[in-house]
Every structure is written in structure tokens, then in C-alpha cells.
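Here is what each chain is made of, one letter per residue.
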Amino acid sequence: MSTRVVSFFAISLVFAATGCSGAPDDAAATGADESSSEEALSGNYNRQTVYGWAKSRGADAPGDLLSANETKQKLVNALGWLYGYNAPRFYISALNSDHPTRDGAHGHNGGYCADLYAENSGDMLALIQKINANPNVTQVGLGGAYKNYVSHVTKPHFMDNNQTHVHISVY
Ligand SMILES: [Zn+2]
């Protein structure tokens, strides 16, 4: 077993023991630990770790996170980043298999998107601000009450349906 693999598992174990404590599990391998800026914190997150966080916070189909066929690694990274970097508590209302409509190869059904909502409705803006800072997210959709915060979104965005949620895409 290589040193790289050993350190990967060691760090993963630390994550498993401490929960949402912060850094991507291969930060050392990517050099992301050399900077404290959020932009640099874009290393790969362990699927099992992010699955555990999603399951503990409430998610309709967190098992999608365990499959590369269901969720792209970059989406795992986007969610891991939110859990790890002090985003307000949020739920995942749809990943892929539980998305209510078929939205194509570059959408939820391609494994590139998640729908989220803040546990506390007073945290909508704070969640959007963390999504703005998330280096993995490429596009944002605003649904329901989140539409009221459109002026705060700094990434490419669109208006989604009337269900209160924020859609993130990594495609
Ligand atoms: Zn969506």
C-alpha cells in the first residue's frame, strides 16, 4: 500500500470520527492545504464521507452520492464543500434518482445537480452566499422563496419552479 493510500485512509478516518470538520480529504495531495482561501479548497471529497453527512442532515436519496453513475465527483465535492465550510444547515431535496422530472444528460439525471434548502428559512441568504463562494458550483437555480434573493447570486443563474429550493449545478 502506498503512502498516498495510507494517508488517504488515515484522513478519511479522522473525518469519520469528527464529522463536518473542514477540509477535503485529499487536500494534502492537491496542495489545497497550502492556502486558507475558500477558492483553493476544491479537492476531492470522499463519497462515503459526504454520503454520511447528507444522510445525517436529511436527504431524499443520499445513496446516489455513493455511485459515480448517479452523481459526478464534482457534485460530491460541491456538497462536501458546503458541509465542510460552515454553510448553514441544509437539506437535499433532490439529487438524481429522486428528481421529479427528467432533465437530461447535463442536469440532475446526468449526476450534475442537487436541489437544496436551508433548514432554517432565515438562512436562505447565507446559503446562497456559501454557494456563491463554492468553487465547484457553475450554475444556480432559484425556486420559490429563493427567487427573492436573485440580486445576491453572483454565478450564472435561472429562475426555477415555485418549490422553495436552490438548485446547484456543477456542469
Ligand atoms: Zn434542480
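Computed from a predicted structure; not experimentally measured.

Rules used throughout
- Each chain has its residues counted from 1, running along the sequence as written.
- Two thresholds apply to this predicted model, a pLDDT of at least 70 for residue-level local features and 80 or more for giving and counting side-chain atom pairs, whereas whole-chain, interface and lining totals are computed over all residues.
- Starting at the N terminus, helices and strands are each numbered in turn, a helix being any DSSP run of H or I of at least four residues and a strand any DSSP run of E of at least two.
- Exposed residues have 12 or fewer other C-beta atoms within 10 Å of their own C-beta, buried residues have 20 or more, and partly exposed residues fall in between, where C-beta atoms are placed from the backbone.
- Think of it this way: build a C-beta for each residue from its backbone, and any pair within 7 Å is a contact.
- Should DSSP find at least two bridges between two strands, the strands are taken to pair.
- Here, axes are lines fitted to C-alpha atoms. For helices the fit covers the stretch in contact, and angles between N-to-C directions go from 0 to 180 degrees.
- The predictor rates its confidence in each residue with pLDDT, a number between 0 and 100.

**Let's talk about the overall build of the chain**
Part 1 of the reasoning: The helix and strand inventory of the chain stands at 5 helices and 5 strands.
Part 2 of the reasoning: In sequence order, the secondary structure elements of the chain are arranged as α-α-α-α-β-β-α-β-β-β.
Part 3 of the reasoning: Burial status across the chain gives 36% buried among its 171 residues.
Part 4 of the reasoning: A fraction of 56% describes how many contacts in the chain between residues 6 or more apart in sequence connect residues 24 or more apart.

**Describing the sheet that holds strand β4 (residues 157–159)**
Hydrogen bonds between backbone atoms are what pair the strands of a sheet, whose relative direction is either parallel or antiparallel.
Part 1 of the reasoning: Spatially, the 5 strands line up as an open sheet ordered β1-β2-β5-β3-β4, and their pairing is mixed. The open sheet has two edge strands, β1 (90–94) and β4, and neither has a second partner. For this sheet, the mean angle separating the axes of adjacent strands, direction not counted, is 30°.
Part 2 of the reasoning: As paired elements, strand β2 (residues 113–118) and strand β5 (residues 165–169) share 4 bridges and run antiparallel to each other. Counterpart to alanine 114 in the pairing with β5 is isoleucine 168.

**Focus: the pairing of β5**
Part 1 of the reasoning: Burial analysis of β5 places 5 of its 5 residues in the buried class, the great majority of the element.
Part 2 of the reasoning: Along β5, one buried face is formed by His165, His167 and Ser169 and the opposite face, lined by Val166 and Ile168, is buried too.

**Here we look at the confidence of the model for the chain**
Part 1 of the reasoning: Mean pLDDT for the chain: 82, with 75% of residues reaching 70 or above.
Part 2 of the reasoning: In the model, residues 1–23 has pLDDT below 50 throughout and makes 21 contacts with residues more than four positions away in sequence or in other chains.
Part 3 of the reasoning: In this model, residues 25–40 is a region of pLDDT below 50 whose contacts with residues beyond four sequence positions or in other chains number 27 contacts.

**A short note on the environment of glycine 144**
Part 1 of the reasoning: Mapping glycine 144 onto the fold places it in the loop between β3 (139–143) and β4.
Part 2 of the reasoning: Spatially, the C-alpha atoms of glycine 144 and threonine 164 are 3.9 Å apart, while their sequence positions differ by 20 residues.
Part 3 of the reasoning: The residues contacting glycine 144, other than those within four sequence positions of it, are Asn162, Gln163, Thr164 and His165.

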